[in-house]
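Chains, contacts and geometry: an overview
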Amino acid sequence: MTSADDRPIILIAPRLEQPKPCLQMPERLAPEETGATVFLEAILAAGGLPLIMTLTEDEDVIARYIEMADGIAIPGGHDVDPALWGVEEPYDERLLCHERDAFELKLIKAALAAHKPLFATCRGMQILNVALGGTLCMDVPSLPVPKGKVHWRHLPILHDPAHPIAVEDGSLLSRVLDWQGEVQVNSSHHCCVDKLGKGVRLTGVATDGVPEAIEVEGQPFCLGVQWHPEYTWRMLETDFKLWRAFVDAARG
């Protein structure tokens, strides 16, 4: 068992949830900045010490977070606002979280400038790409598919493998997984990476053509995956390798 002193500090960007009034609490409660238990457990099991940050646009606070972090994790959640890459058409505000967008864009840029290990999942992968000037597709079913194929089901299949992805040989992802060819992943998303940002490299693609993994050139460890390895790390050895590699990079 890893001793507490040996655990690198992994800071986690929070999700922002609004509790709904109910019979037990009819008053409107304040929004909650949270982290999924499976996400925290995966980091603990991989040998890290998970700590949830607070949403802020204060650059001094973000700088202090970066200073204390050994690694930074950005989880899934709301859609990223298409206005960030110049889309003028209105988008369903119920699907967005402007507070997360503002915080995570600053956090990502600061983390990359400091060359801190960064691991981003689902929405995290998407906003990582946007932070570097990329764009997103906001409707996966609208993407073209390879000839003779149809799209896999990409909406919620969290607890089981949903489809295979092809891993690029020689990539950070292939080295982390110690794997060539295809691996199984789960899936829960209707948006995905479209145009790649500056220095972003696509290293994993679902066999229906949907982008599934990116990395950022010139960084010691910067990996984004479209799936949710926090749900399947106990089941899939390849997903647990992701967490261990991230924590090991933070320790090193």
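Residues numbered from 1 in each chain as written. Predicted model: local features only at pLDDT ≥ 70, side-chain atom pairs only at ≥ 80, totals over all residues. Heavy atoms only, no water.

Notes on the overall build of the chain
- Of regular secondary structure, the chain possesses seven helices and 13 strands.
- Taking 252 residues into account, the globule formula puts the C-alpha radius of gyration at 18 Å, and the chain, at 18 Å, falls close to it.
- Referenced to the eigenvectors of the C-alpha coordinate spread, the extents of the chain come out at roughly 55 × 45 × 40 Å.
- Taking the intrachain contacts of the chain between residues at least 6 apart in sequence as the baseline, contacts between residues at least 24 apart amount to 69%.
- Here the chain has roughly 12,000 Å² of accessible surface; of this, 54% comes from carbon and sulfur atoms.
- Of the charged side chains in the chain, 22 are positive and 37 negative, and the gap between their average positions amounts to 3 Å. (Helix = DSSP H or I, 4+ residues; strand = E, 2+ residues; numbered from the N terminus. Rg over C-alpha atoms; globule rule 2.2 N^0.38 Å. Contact = heavy atoms within 4.5 Å. Areas by Shrake-Rupley, 256 points an atom, 1.4 Å probe, with all protein chains shown as cover. Lys, Arg positive; Asp, Glu negative; His and termini not counted. Charge placed at Lys NZ, Arg CZ, Asp CG, Glu CD.)

Some details on the environment of Cys122
- Here Cys122 lies in the loop between β6 (118-121) and α4 (123-131).
- On the basis of relative accessibility, which here comes to 6%, the residue Cys122 falls in the buried class.
- The spatial distance from the C-alpha of Cys122 to the C-alpha of His78 is 9.8 Å, given a sequence separation of 44 residues.
- Once you skip the residues sitting within four places of it in the chain, Cys122 turns out to touch Gly76, Ser188, His189, Val225, Gln226, Trp227 and His228. (Buried < 20%, exposed > 50% of the residue type's maximum accessible area, 1.4 Å probe, protein only.)

Focus on the pattern of salt bridges
- Overall, the coordinates contain 12 salt bridges when judged by the stated rule.
- We note a salt bridge from Asp92 to Arg94, for which the minimum N-O separation is 2.8 Å.
- The partly exposed category is assigned to Asp92, whose relative accessible area is 29%.
- For Arg94, a relative accessible area of 73% gives the class exposed.
- Each of Arg100, Asp101, Glu104 and Arg123 takes part in salt bridges that share partners, so that together they form one network. (Salt bridge = Lys/Arg side-chain N within 4 Å of Asp/Glu carboxyl O.)

Here we look at the state of the cysteines
- Within the structure shown, the criterion is met by zero disulfides.
- The thiol of Cys122 is unpaired, and the distance to the nearest cysteine sulfur, on Cys191, comes to 8.4 Å.
- Among the cysteines around Cys222, which has no disulfide bond, Cys122 carries the closest sulfur, lying 16 Å off.
- Accessibility expressed as a relative area gives 1% for Cys222, which makes it buried. (Disulfide = S-S within 2.5 Å.)

Side note on the sheet that holds strand β8 (residues 163-167)
- With respect to topology, nine strands assemble into an open sheet ordered β4-β1-β5-β6-β13-β12-β11-β8-β9, the strand pairing being mixed. Unpaired on one side and paired on the other, β4 (49-52) and β9 (181-185) mark the two borders of the sheet. Strand-to-strand twist of the sheet, defined as the mean angle between neighbouring strand axes without regard to direction, takes the value 25 degrees.
- In this sheet, strand β13 (residues 222-225) lies alongside β6 in parallel orientation, the contact comprising four bridges. Note on β13: the bridge partner recorded for Ala120 is Gly224.
- The sheet contacts of helix α3 (residues 98-113) involve β5 (71-74), β6 and β13, and relative to β5 the element is tilted by about 150 degrees.
- Sheet strands in contact with α4 are β5, β6, β11 (200-206), β12 (211-216) and β13, and its direction is about 50 degrees off that of β12. (Pairing = 2+ DSSP bridges. Axes fitted to C-alpha atoms, helices over the stretch in contact; angles between N-to-C directions.)

Describing the packing of helix α2 (residues 59-68) against α3
- Contact geometry of α2 with α3 gives a least axis separation of 10 Å together with a crossing angle of 50 degrees. One element, α2, and the other, α3, form an angle in the oblique class. As α2 packs across α3, the resulting crossing turns out to be right-handed. Of the residues in α3, those in contact with Glu59, Ile62 and Ile66 of α2 are Phe103, Lys106, Leu107, Ala110 and Ala111.
- Considered class by class, the residues forming the contact of α2 with α3 number six nonpolar, no polar and two charged. (Parallel < 35°, antiparallel > 145°, perpendicular 65-115°, else oblique. Left-handed = near helix turned anticlockwise from the far one by under 90°. Nonpolar A, V, L, I, M, F, W, Y, C, P; charged D, E, K, R; others polar.)

Details of a nonpolar patch on the surface
- Residues Leu49, Leu51 and Met68 make up a contiguous nonpolar surface patch of about 200 Å² in total accessible area.
- Looking at the secondary structure, you find Leu51 in strand β4.
- Residue class for Leu51 comes out partly exposed when judged on its relative accessible area of 35%. (Patch = residues over 30% accessible without salt bridge, like charges linked within 9 Å, V, L, I, M, F, W, Y side chains within 5 Å.)

Some points on the environment of Glu88
- Inspection of the secondary structure puts Glu88 in the loop between β5 and α3.
- It is 34 Å that separates the C-alpha atoms of Glu88 and Phe39, two residues lying 49 residues apart in sequence.

Section: the pairing of β8
- Within β8, four of the five residues are buried, which leaves the element mostly enclosed by the surrounding structure.
- In the sheet, β8 pairs with β11 via three bridges, with the strands oriented antiparallel. Across the sheet, Ile165 pairs through a bridge with Ala206, a residue of β11.

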